[in-house]
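# Architecture and fold: a report
Okay, here's what each chain looks like letter by letter:
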Amino acid sequence: MLASHSALISLVQFSCVDTKPLVYQMMIHFVKTLEQTISNPVANQEKNTEHQNMVLSLLQVIFVRVGDMIDDQTGEQIVGLLVQLFQKLKQVTEQGLMAYSGLCLGLGKRVNVK
């Protein structure tokens with residue numbers, strides 16, 4: 001699983017501009033995957049956390065790559081999902097902060113902090 005995770009990160013990092021719509025679709029898929037790990041966690045908490053961390057690290061790279069394509073509403077929903085994750089875990093995680101950092105970098109000046 002780690003090898004495929006690394007391959008996806010490399011694919012996103014080195015993708016050409018023409019593939020940004022595809023990378024955006026990947027983002028939607030992995031945001032939904034993260035949401036599922038929060039709302040319907042697997043019984044094994046360690047596996048769930050490992051899965052969340054892998055998804056978050058991939059999302060960080062995706063957010064940097066396609067952040068300019070993310071509309072304000074979607075950006076707010078993603079921030080809300082990260083906050084929900086932190087609340088569920090009762091802590092702020094490094095991977096979660098890195099994903100948020102990637103989102104802020106991708107959105108640029110459009111970051112809307114309330």
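Just so we're clear, the structure is a prediction, and the values are computed from it rather than from any experiment. (Residues numbered from 1 in each chain as written. Predicted model: local features only at pLDDT ≥ 70, side-chain atom pairs only at ≥ 80, totals over all residues. Heavy atoms only, no water.)

Broken down by element type, the protein chain carries five helices and zero strands. Its C-alpha atoms give the protein chain a radius of gyration of 14 Å, within 12% of the compact-globule value 13 Å for 114 residues. If you line up the protein chain on its principal axes, its C-alpha atoms span 40 × 40 × 20 Å. Across the 114 residues in the protein chain, those meeting the buried criterion constitute 38%. Taking all contacts inside the protein chain whose residues are at least 6 apart in sequence as the whole, residues at least 24 apart take part in 76%. Accessible surface for the protein chain amounts to roughly 7000 Å². Of this, 58% is attributable to carbon and sulfur atoms. For the protein chain, the separation between the mean place of its 9 positive charges and that of its 9 negative charges on side chains is 2 Å. (Helix = DSSP H or I, 4+ residues; strand = E, 2+ residues; numbered from the N terminus. Rg over C-alpha atoms; globule rule 2.2 N^0.38 Å. Buried < 20%, exposed > 50% of the residue type's maximum accessible area, 1.4 Å probe, protein only. Contact = heavy atoms within 4.5 Å. Areas by Shrake-Rupley, 256 points an atom, 1.4 Å probe, with all protein chains shown as cover. Lys, Arg positive; Asp, Glu negative; His and termini not counted. Charge placed at Lys NZ, Arg CZ, Asp CG, Glu CD.)

Next up on the list: the environment of Ser39. Following the sequence through the fold, Ser39 ends up in helix α2 (residues 20-39). Taking the C-alpha atoms as reference, Ser39 lies 9.3 Å from Leu85; in sequence the two are 46 residues apart.

Our focus in this paragraph is the side chain of Thr37. Among the structural elements, Thr37 can be located in helix α2. Residue classification places Thr37 among the buried positions, given a relative accessible area of 6%. Side-chain polar atoms of Thr37 contact the side chain of Gln52, separated by 3.2 Å. (Polar contact = N/O pair within 3.5 Å; in protein donor to acceptor, adjacent residues only side chain to side chain.)

Below, the discussion takes up the pattern of salt bridges. Inspection of every chain in the model, using the stated rule, returns one salt bridge. The closest approach of N and O atoms between Lys20 and Asp68, which form a salt bridge, is 2.9 Å. Placement of Lys20 in helix α2 and of Asp68 in the loop between α3 (45-66) and α4 (72-89) is noted, with a sequence separation of 48 residues between them. Look at Lys20 and you get buried, because its relative accessible area is 14%. (Salt bridge = Lys/Arg side-chain N within 4 Å of Asp/Glu carboxyl O.)

Our next topic: the confidence of the model for the protein chain. Looking at the protein chain as a whole, its pLDDT mean stands at 92, while 96% of the residues score no less than 70. Put simply, helix α1 (residues 2-13) is where the protein chain has its lowest mean pLDDT, 89, and α2 is where it has its highest, 96. (pLDDT = per-residue confidence, 0-100.)

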